[in-house]
Amino acid sequence: MNVDLHCHSTASDGALSPGDVVRRAASLGVEMLALTDHDQLEGLREAHEAARATGIVLVDGVEISVSWRGVTLHVVGLGVDARNPALSAGLERVRSGRLQRAREMGESLERSGISGSFEGALALAENPAMVSRTHFARYLTHCGRVAGIKEAFRRYLVPGKPGYVPHRWAQLADALRWIRDAGGLAVLAHPGRYALSAGAMASLLTEFRAAGGGAIEVVTASHSPDQYALFGALAVQHGLAASRGSDFHAPDEGAELGGLPALDPRLRPVWAEWEV
Ligand code: AMP
Ligand code: MN
Ligand code: MN
Ligand code: MN
């Protein structure tokens, strides 16, 4: 079965509307899709309407931004009840600092000689409260400062670069509790992307599991084939299920919906226990 449990719409930093994401996934042969916008559940209703029309199985998801030992992590919640008050209130709190942070990113870029980036990024965000580094990256690309999104991040938007402003996101234990309260399963997103030593990764996975986390992404656009093997082994070692997700954002950025390799059949897929 072609399962893709991680993607974004205009409800966060994706370029397509929720309905268009679902229709695109269905047309590409995806059979089960989770829409996992950052800190936001707003796209799910429209996504469901499109899913009903195409017959694709839609899983209600969210990708929560977390700060852990000074590192930003992303935790995907799958199968969450979007009406759950604890989850909604938690996400609202996580979202609340984004606009101010974006303003500070703009001021910092201004000091490096790049003007108008706050307004530029904001104009590209459908929902101003969800303005993200991705919108800055698109702005820097559109105005010709960089050749593409990847270069925008590398030169301007990662720690140590002029557009990077540190931010306090949710606590790991809180994010896991919101997901669990809403009946969902917590998946550590793209673990290979975090700058952690092997020892710190082991502590993270131990803490994640102990606090109720259930799975890690093994096949994701952020991982190399070597990392599929590494994180597959870590999933087994830590008693966690494995997930697969494209982290699709836009047709011309990163991986395509449902387009990555299948999970190693020796792994326990997150969706194995769900009724389809
Ligand atoms: P934010 O939540 O505003 O910090 O933005 C994080 C988003 O930036 C992620 O969800 C990705 O979509 C995107 N992102 C982060 N790092 C990179 C990178 N190196 N290349 C491309 N996109 C990235
Ligand atoms: Mn994103
Ligand atoms: Mn992420
Ligand atoms: Mn994502």
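Criteria and cut-off values
- Residues numbered from 1 in each chain as written.
- Chains lettered and ligands numbered in written order.
- Predicted model: local features only at pLDDT ≥ 70, side-chain atom pairs only at ≥ 80, totals over all residues.
- Heavy atoms only, no water.
- Axes fitted to C-alpha atoms, helices over the stretch in contact; angles between N-to-C directions.
- Helix = DSSP H or I, 4+ residues; strand = E, 2+ residues; numbered from the N terminus.
- Parallel < 35°, antiparallel > 145°, perpendicular 65-115°, else oblique.
- Contact = heavy atoms within 4.5 Å.
- Nonpolar A, V, L, I, M, F, W, Y, C, P; charged D, E, K, R; others polar.
- Donors = N, O, S within 2.8 Å, 3.2 Å for Na, K, Ca; no water.
- Buried < 20%, exposed > 50% of the residue type's maximum accessible area, 1.4 Å probe, protein only.
- Salt bridge = Lys/Arg side-chain N within 4 Å of Asp/Glu carboxyl O.
- Right-handed = clockwise from strand over helix to strand, strands pointing away.
- Near = heavy atom within 4 Å.
- Polar contact = N/O pair within 3.5 Å; in protein donor to acceptor, adjacent residues only side chain to side chain.
- Areas by Shrake-Rupley, 256 points an atom, 1.4 Å probe, with all protein chains shown as cover.
- Expected span 1.5 Å × (residues − 1).
- Arc of directions from axis to C-beta.
- Pairing = 2+ DSSP bridges.

A.B. asks: Mind laying out the packing of helix α4 (residues 98–111) against helix α5 (residues 117–124), listing which residues take part and the relevant values?
C.D. replies: Where α4 meets α5, the axes come as close as 8 Å, and the angle between the chain directions of the two elements is 140°. Relative to α5, α4 is oriented oblique. Across the interface between the two elements, Leu 99, Ala 102, Arg 103, Gly 106 and Leu 109 from α4 touch Ser 117, Phe 118 and Leu 122 from α5. For the contact of α4 with α5, the class distribution of residues is five nonpolar, two polar and one charged.

A.B. asks: If you had to explain the coordination of the manganese ion (ligand 3) to someone new, which residues and values would you point to?
C.D. replies: Taken together, Glu 63 (OE), His 74 (ND1) and His 190 (NE2) make up the protein donors of the manganese ion (ligand 3), found 2.1 to 2.2 Å from the metal. Each donor residue of the manganese ion (ligand 3) lies on one chain, and together they are spaced E-x10-H-x115-H. Taken as an interatomic distance, the gap from the manganese ion (ligand 3) to the manganese ion (ligand 2) is 5.5 Å. In this pair, His 74 sits in strand β4 (residues 71–78) while His 190 sits in the loop between β6 (185–188) and α9 (198–210), placing the two residues 116 residues apart along the sequence. The pair formed by His 74 and His 190 is uniform in burial state, with each residue classed as buried.

A.B. asks: Any chance you could break down the coordination of the manganese ion (ligand 2) for me, citing the residues and the numbers?
C.D. replies: Within the protein, the manganese ion (ligand 2) binds to Asp 13 (OD), His 38 (NE2) and His 249 (NE2); these donor distances fall in the range 2.2 Å. Counting gaps between the donor residues of the manganese ion (ligand 2) yields the pattern D-x24-H-x210-H. Judged by relative accessible area, which is 3%, Asp 13 ranks as buried. Look at His 38 and you get buried, because its relative accessible area is 8%.

A.B. asks: Requested: an account of the packing of helix α6 (residues 133–142) against helix α7 (residues 149–157), with residues and values cited.
C.D. replies: It is the contact of α6 with α7, at a shortest axis distance of 9 Å, that shows an interaxial angle of 110°. Considering the angle they form, α6 stands roughly perpendicular to α7. For the pair α6 and α7, the contacting residues are Arg 133, Thr 134, Phe 136, Ala 137, Arg 138, Leu 140 and Thr 141 in the first and Ile 149, Ala 152, Phe 153, Tyr 156 and Leu 157 in the second.

A.B. asks: I'd like a rundown of unusual backbone geometry, residues and numbers included.
C.D. replies: Positive phi, normally seen in glycine, also occurs at Asp 39, with a value near 50°. By secondary structure assignment, the location of Asp 39 is in the loop between β2 (32–35) and α2 (44–54).

A.B. asks: Give me the lowdown on the pattern of salt bridges, citing residues and values where you can.
C.D. replies: Taken as a whole and assessed by the stated rule, the structure comprises ten salt bridges. Across the pair Arg 23 and Asp 20 runs a salt bridge, and its minimum N-O distance is 3.0 Å. Linking Arg 23 with Asp 20, this pair stays in helix α1 (residues 18–27), spanning three residues, or about one helical turn. We classify Asp 20 as partly exposed; its relative accessible area is 37%.

A.B. asks: Which residues make up the pairing of strand β7 (residues 215–220), and what values go with them?
C.D. replies: With six of six residues buried, β7 lies mostly within the body of the structure. Considered for its hand, the β-α-β crossover made up of β6, α9 and β7 is right-handed. You can see the chain leave β7, run along helix α10 (residues 225–237) and come back into strand β8 (residues 241–245), and the turn it takes is right-handed.

A.B. asks: Tell me about the site of ligand 1, and please be specific about residues and values.
C.D. replies: In the vicinity of ligand 1 there are 13 residues, among which His 38, Arg 98, Arg 101, Arg 133 and His 249 approach most closely. In this structure, an oxygen atom belonging to ligand 1 sits 2.8 Å away from a side-chain N or O atom of Arg 133. Taking His 249, its side chain carries an N or O atom lying 2.8 Å from an oxygen atom of ligand 1. The protein chains hide 84% of the 500 Å² of surface that ligand 1 would expose on its own. Elements that contribute at least two residues to the shell around ligand 1 include exactly α4, α6 and α7. Here the shell around ligand 1 gets three residues from one element, more than from any other, and that element is α7. By residue class, the composition of the shell around ligand 1 is two nonpolar, five polar and six charged.

A.B. asks: How would you explain α10 if you had to name every residue and give the values?
C.D. replies: Look at α10: 19 Å from first C-alpha to last across 13 residues, which is about the 18 Å you get at 1.5 Å a residue. All of the buried residues in α10 are Tyr 228, Phe 231, Gly 232, Leu 234 and Ala 235. Along the long axis of α10, the arc covered by the buried residues comes to 165°, so they all point the same way. Facing away from the buried side of α10 by more than 90 degrees, the exposed set consists of Asp 226, Ala 229, Val 236 and Gln 237. Looking at the packing, one finds that the buried side of α10 touches α9, β7 and β8. Gly 239 sits one or two positions beyond α10 and adopts a positive phi of about 65°.

A.B. asks: Tell me what's going on with the pairing of β8, and back it up with residues and numbers.
C.D. replies: When a strand is regular, its side chains alternate between the sheet's two faces. Counted residue by residue, β8 has five buried out of five residues, so it is predominantly covered. Going residue by residue along β8, you find Ala 241, Ser 243 and Gly 245 tucked away on one face and Ala 242 and Arg 244 tucked away on the opposite face as well. In this sheet, β8 lies alongside β7 in parallel orientation, the contact comprising five bridges. Pairing of Glu 217 across the sheet is with Ser 243, part of β8.

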